[in-house]
Amino acid sequence: MAEPFDSRRVRAEAYRDYVGLQLRFAEALADRGDLSLGEALRRYTSLHRRLGLGNVTADPPGPDWTLFAKRLEEAPDTQARLDWIVTTLAAAPDEQPQPNQVRFGCFSYEPPQDGVLRIHFTNRDSEGGAGPLALSKAAIRRSELSRMFDHVRRLEPEAKIVAGASWLYHVQAYRRLYPPDYTATATPAGEMNLTGNSSWGQFLTHGGAIRPALSAEFLAGLAKLDPQAPWLAFPLRPLRVSAPLAVFTAHFSLG
Ligand SMILES: CC(C)(COP(=O)(O)OP(=O)(O)OC[C@H]1O[C@@H](n2cnc3c(N)ncnc32)[C@H](O)[C@@H]1OP(=O)(O)O)[C@@H](O)C(=O)NCCC(=O)NCCS
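The structure displayed is predicted, hence computed values, not measured ones.

## Concerning the packing of helix α5 (residues 63–74) against helix α6 (residues 78–91)
Part 1 of the reasoning: One can describe the packing of α5 onto α6 by two numbers: an axis separation of 8 Å at closest approach and a directional angle of 155°. With respect to each other, α5 and α6 are oriented roughly antiparallel. Both α5 and α6 take part in a crossing whose hand is right-handed. Residue-level contacts link Phe-68, Arg-71 and Leu-72 of α5 to Arg-81, Trp-84, Ile-85 and Thr-88 of α6.
Part 2 of the reasoning: For the contact of α5 with α6, the per-class residue count stands at 4 nonpolar, 1 polar and 2 charged.

## Quick notes on the site of the ligand
Part 1 of the reasoning: In the vicinity of the ligand lie 21 residues, with Leu-133, Trp-167, Leu-204, His-206 and Arg-211 positioned nearest.
Part 2 of the reasoning: Contact between the ligand and Pro-132: an oxygen atom at 3.1 Å from a main-chain N or O atom of the residue.
Part 3 of the reasoning: In the environment of the ligand, an oxygen atom lies 2.7 Å from a nitrogen or oxygen atom belonging to the side chain of His-206.
Part 4 of the reasoning: Within the complex, 74% of the 940 Å² of free accessible area of the ligand lies under protein.
Part 5 of the reasoning: A breakdown of the residues in the shell around the ligand according to their chemical character gives 11 nonpolar, 9 polar and 1 charged.
Part 6 of the reasoning: When residues of the shell around the ligand are assigned to domains, at least three map to each of domain 1 (7–96 + 203–232) and domain 2 (102–189 + 239–251).

## Overview of the sheet that holds strand β2 (residues 107–109)
Part 1 of the reasoning: On the basis of which strands lie adjacent, the open sheet formed by 6 strands has the order β1-β2-β3-β4-β6-β5 and mixed pairing. The sheet is open, and its two edges are formed by β1 (102–104) and β5 (187–188), each paired on a single side.
Part 2 of the reasoning: When β2 meets strand β3 (residues 116–121), the two strands line up antiparallel, connected through 3 bridges. Its bridge partner being in β3, Phe-107 is matched across the sheet by Phe-121.
Part 3 of the reasoning: Against the sheet, helix α7 (residues 138–155) touches β1, β2, β3 and β4 (161–166), its axis set at about 20° to β2.

## Overview of the domain arrangement of the chain
Part 1 of the reasoning: Domain annotation of the chain identifies domain 1 (7–96 + 203–232) and domain 2 (102–189 + 239–251).
Part 2 of the reasoning: For domain 1 and domain 2, the distance between their C-alpha centroids amounts to 28 Å.

## Looking at unusual backbone geometry
Part 1 of the reasoning: We note that Asp-114 has phi near 55°; this positive angle belongs to a residue other than glycine.
Part 2 of the reasoning: Here Asp-114 lies in the loop between β2 and β3.
Part 3 of the reasoning: Even without a glycine there, the phi angle at Ser-253 is positive, about 50°.
Part 4 of the reasoning: The exposure class of Ser-253 is exposed, given its relative accessible area of 65%.

## Considering the packing of aromatic side chains
Part 1 of the reasoning: Across all of its chains, the model carries 23 aromatic pairs by this definition.
Part 2 of the reasoning: On the basis of an interplanar angle of 70° and a centroid distance of 5.2 Å, the ring pair of Tyr-174 and Tyr-178 is categorised as edge-to-face.
Part 3 of the reasoning: Arranged with centres 5.2 Å apart and planes meeting at 45°, the rings of Tyr-178 and Tyr-182 form a pair that is tilted. With respect to burial, Tyr-178 and Tyr-182 carry one shared label: buried.

## Focus: the nonpolar core
Part 1 of the reasoning: Residues Phe-25 and Phe-68 are the most contacted members of the largest nonpolar core, which totals 38 residues.
Part 2 of the reasoning: Of all the secondary-structure elements, those providing two or more residues to this core are α2 (16–32), α3 (37–44), α5, α6 and α11 (212–221).
Part 3 of the reasoning: Look past the residues within four positions of Phe-68 in its chain and what remains in contact with it is Leu-41, Leu-47, Leu-51, Trp-84, Ile-85 and Thr-88.
Part 4 of the reasoning: Counting 31 residues, the second-largest nonpolar core is a separate cluster that includes Cys-106, Leu-133, Ala-173 and Phe-248.

## Considerations on the pattern of salt bridges
Part 1 of the reasoning: In this structure the tally under the stated criterion is 14 salt bridges.
Part 2 of the reasoning: Where Arg-81 meets Glu-27, a salt bridge forms, and the shortest distance between an N and an O atom there is 2.6 Å. One end of the pair, Arg-81, is in helix α6; the other, Glu-27, is in helix α2, and 54 residues separate them in sequence. The burial state of Arg-81 is the same as that of Glu-27; both residues are buried.
Part 3 of the reasoning: For Arg-153, the salt bridge identified is with Asp-150, shortest N-O distance 2.6 Å. Of this pair, Arg-153 and Asp-150 are both found in helix α7, 3 residues apart, which corresponds to roughly one turn of the helix.
Part 4 of the reasoning: For Arg-153, a relative accessible area of 35% translates into the label partly exposed.
Part 5 of the reasoning: One connected set of salt bridges, linked through shared partners, spans Arg-9, Glu-13, Arg-16 and Asp-83.

The rules behind these values
Residues numbered from 1 in each chain as written. Predicted model: local features only at pLDDT ≥ 70, side-chain atom pairs only at ≥ 80, totals over all residues. Heavy atoms only, no water. Axes fitted to C-alpha atoms, helices over the stretch in contact; angles between N-to-C directions. Helix = DSSP H or I, 4+ residues; strand = E, 2+ residues; numbered from the N terminus. Parallel < 35°, antiparallel > 145°, perpendicular 65-115°, else oblique. Left-handed = near helix turned anticlockwise from the far one by under 90°. Contact = heavy atoms within 4.5 Å. Nonpolar A, V, L, I, M, F, W, Y, C, P; charged D, E, K, R; others polar. Near = heavy atom within 4 Å. Polar contact = N/O pair within 3.5 Å; in protein donor to acceptor, adjacent residues only side chain to side chain. Areas by Shrake-Rupley, 256 points an atom, 1.4 Å probe, with all protein chains shown as cover. Domains from an automatic or database assignment. Pairing = 2+ DSSP bridges. Buried < 20%, exposed > 50% of the residue type's maximum accessible area, 1.4 Å probe, protein only. Phe/Tyr/Trp six-rings, centres within 6.5 Å; stacked < 30°, edge-to-face > 60°. Core = buried A, V, L, I, M, F, W, Y, C linked by side-chain atoms within 4.5 Å. Salt bridge = Lys/Arg side-chain N within 4 Å of Asp/Glu carboxyl O.

The structure is reproduced here in structure tokens:
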């Protein structure tokens, strides 16, 4: 009898190459530094979030991660470890939305801290067809941004500065969505947290496949990975950008 169609398994398999890249990175870190493989994977990849376990904190790992990591470290080789990750991913609960983040389509923001409002991009495009940054979808993306900044203008009086940090600011199809005075401030970010998409996202296409040339460049560089500065291993180093909120309200003709 045919096995029942398991859409979670299919979705997890679609990300096999992506999580494989993250595994190879963690293996290289564990080989060179003083972290176990489980800890390298928890602290320097997005897997903890992808498994529905939420943000990585300085606290010791919880029981679900501990069990997962134990079996991972018992696996004999990379292939067996990857099979275990994909199996766990297929059985995992849905990824939790980031606490406190307010979403507008593909964009979201964190409540302002010290006047600074941090913004993010996640592919939540529901139109199908072309990718979310295609020219044919630029008007939809701009209207999401416009709604978000209108909301911020009215309901977040503490917000004075808008800030972002992502590999995506290298991509013209992304930059064109924003006011030029914002993207013109792009400067290379220093130390980066690697537990989300601000660096890892560069390897993904909107369908979940990986970009072969960029991934090959990354894997070749792992031989020289510096465990003290693992964020330097990424071909597209994230850029930091910022501008006053007024730049956005003027750009989107709000208020
Ligand atoms: C962003 C994302 C949807 C891009 O995937 P995609 O399949 O390239 O999507 P699109 O087709 O919409 O991309 C549009 C454009 O970006 C360009 N692009 C995307 N990734 C690129 C990369 N790594 N290097 C250069 N250009 C890139 C594409 O070439 C395309 O440009 P074009 O229309 O001028 O040809 C995908 O990488 C993703 O979902 N990443 C995870 C989210 C993320 O990284 N968020 C950042 C969190 S801070």
